[in-house]
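Take a look at the letters that make up each chain.
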Amino acid sequence: MIPYGRQTLGSEEHAAVAGVLDSDWLTQGPKVTEFEGALARQCGASHCVATSSGTAALHAICAALGVTSGDWVWTSPISFVASANCARYCGAKIDFVDIDSESRTLSPQALAVRLADARKKGQIPKLIIPVHFAGNVCDMALIYEIAQEYGVKVVEDACHALGGTYQEKPIGSCCYSDAAVFSFHPVKTITTGEGGAIVTNDQNLAERARQFCAHGITRAGARFDRSLQSDDRGAPWYYEQQLLGWNYRLTDIQAAIGIEQLKKLDGFVDKRRELFAVYNEKLTELPLKLPRARADCRISWHLYVVELQQAARRREIFNRLKESGIGVNVHYIPIHLQPDYRALGFSPGDFPASEAYYLAAMTLPLFPSLTSSEQNYVISVLHEVLA
Ligand SMILES: *Cc1c(COP(=O)(O)O)cnc(C)c1O
């Protein structure tokens, strides 16, 4: 079976892991710090906090931004469930903004309409989480401008987009957001097994997020609580738990893999872009809507998603590709249609563009080690099935 996505690891990652296993530190050692520095440089952001997953990163940044019960958080329905679940972990209420059918990312027009309406109801969200779906970058300049008008915070869910650029700046530079979040799950652009990260240019926000990722504990003297009487403040063993956090740390073993993977990022992105271009060229005659990149971006394509004009045949087409050894997939079932979200009151028809996209969507294999003969096989089977 040719999978839809997979990791690309080499002898460098093996050697790096072996080096950590022979060292004094398995977790929270020098490799995590080195990885955070390398990732911040890659993104052009001033701070990076490595986390145990992308989900942990989303949860910790929501908490660090002060998202709490009574707040609203908005994201788009076409994403992995973690983009929405993070708000609910903080006790906040979740709502969605429909996608733009061309870019398949959060529609700034829909956002503007929804925010005007929310103002009337006194329900302006605290935070919006635009998702760079498939790697295609949201219209961040416009989204940020609209968000600022209403005093709404912005966190980019950039789990699909590491290595891309937007208006000539790397994804993660946070020019148009308060922070951005990455995942290093094996299907993502680089992997650490499980893992994630937050990047931001706001030092205070980074420190708060780091604290939430380590039980709410700080050892930084400057952050100690001077309002309380304490005889041992200043003692060498002293630390303070100042808020309720979690253990969301990345390990040195994982960070060592990440350091090696980051060195290969540009090559991975080039390969993904080449494969993308071949698909777009060789599938153009077929009854498919093909993905299109925003003009002001150099996209690091995470997923190659086509929309079938014969959407009613999707299940049959999907099965025929599977039977031919092609690991197609569907990204994503709209989050609001999941049973756990229906129980919150969402129902079919709430976000028509997302639902229409979902009915036709199918993800084809895309990963750096996909060979051109494998890709040509996928293309020829698709031609046959759609003929
Ligand atoms: C993968 C992913 C996540 C979650 O990341 P994990 O590392 O799997 O927890 C969140 N959002 C999006 C868009 C993702 O693709």
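Predicted model only: the values in this text are computed from it and were never measured.

Chemist: Help me understand the environment of Leu228 in this model?
Modeler: Relative to the elements of secondary structure, Leu228 occurs in the loop between β10 (217-218) and β11 (240-241). Judged by its relative accessible area of 55%, Leu228 falls in the exposed class. Residues Leu228 and Pro339 lie 111 residues apart in sequence; the distance between their C-alpha atoms is 46 Å.

Chemist: I keep staring at helix α2 (residues 30-43) and nothing clicks. Help me out?
Modeler: Because an α-helix packs 3.6 residues into every turn, residues spaced three or four apart end up facing the same way. Between the first and last C-alpha of α2 there are 20 Å, a value that for 14 residues agrees with the 20 Å anticipated at 1.5 Å per step. Turning to α2, its buried residues are Val32, Phe35, Glu36, Ala38, Leu39, Ala40 and Cys43. Residues of α2 that are buried make contact with β1 (47-51), β7 (169-170), β8 (179-183), β9 (196-200), α7 (203-212) and α8 (252-263). A positive phi of about 70 degrees marks Gly44, the residue just after α2.

Chemist: Explanation requested: the environment of Phe276 in the structure shown.
Modeler: For Phe276, the location among the structural elements is in helix α9 (residues 265-282). The spatial distance from the C-alpha of Phe276 to the C-alpha of Ile333 is 23 Å, given a sequence separation of 57 residues.

Chemist: Before we go on, may I ask you to explain the site of the ligand in this structure?
Modeler: Residues in contact with the ligand amount to 16 residues; listed here are only the nearest, Gly54, Thr55, His160, Ser183 and Lys188. Here an oxygen atom of the ligand and a backbone polar atom of Gly54 are 2.8 Å apart. Note that an oxygen atom of the ligand is positioned 2.7 Å from one of the side-chain N or O atoms of Ser183. If the ligand stood free it would expose 380 Å²; the protein chains cover 94% of that surface. For the shell around the ligand, the elements supplying multiple residues, two or more each, are α3 (54-64) and α4 (82-89). Considering every element that reaches the shell around the ligand, the biggest residue donor is α3, with 3 residues. Counted by class, the shell around the ligand contains 6 nonpolar, 8 polar and 2 charged residues.

Chemist: Whenever I open this one, the nonpolar core confuses me. Can you help?
Modeler: Across soluble globular proteins, nonpolar side chains show a tendency to be buried alongside one another. One finds Leu283 and Met362 to be the most contacted residues of the largest nonpolar core, which totals 90 residues. Grouped together as the second largest cluster of nonpolar side chains are 38 residues, Leu58, Ala92, Ala209 and Phe346 included.

Chemist: Would you explain the packing of aromatic side chains in this entry?
Modeler: The geometry of an aromatic ring pair is captured by the separation of the ring centres together with the interplanar angle, meaning the angle of the planes. Tallying each qualifying case throughout the model produces 16 aromatic pairs. The rings of Phe80, Phe133, Tyr332 and Tyr357 are connected pair by pair, giving a single aromatic cluster. It is Arg88 that lies over the ring of Tyr341; its NZ or CZ is 4.6 Å from the centre. Over the ring of Tyr358 we find Arg314, and its NZ or CZ is 4.8 Å from the ring centre.

Procedures and definitions
- Residues numbered from 1 in each chain as written.
- Predicted model: local features only at pLDDT ≥ 70, side-chain atom pairs only at ≥ 80, totals over all residues.
- Heavy atoms only, no water.
- Helix = DSSP H or I, 4+ residues; strand = E, 2+ residues; numbered from the N terminus.
- Buried < 20%, exposed > 50% of the residue type's maximum accessible area, 1.4 Å probe, protein only.
- Expected span 1.5 Å × (residues − 1).
- Contact = heavy atoms within 4.5 Å.
- Near = heavy atom within 4 Å.
- Polar contact = N/O pair within 3.5 Å; in protein donor to acceptor, adjacent residues only side chain to side chain.
- Areas by Shrake-Rupley, 256 points an atom, 1.4 Å probe, with all protein chains shown as cover.
- Nonpolar A, V, L, I, M, F, W, Y, C, P; charged D, E, K, R; others polar.
- Core = buried A, V, L, I, M, F, W, Y, C linked by side-chain atoms within 4.5 Å.
- Phe/Tyr/Trp six-rings, centres within 6.5 Å; stacked < 30°, edge-to-face > 60°.
- Lys NZ or Arg CZ within 6 Å of the ring centre and 35° of its normal.

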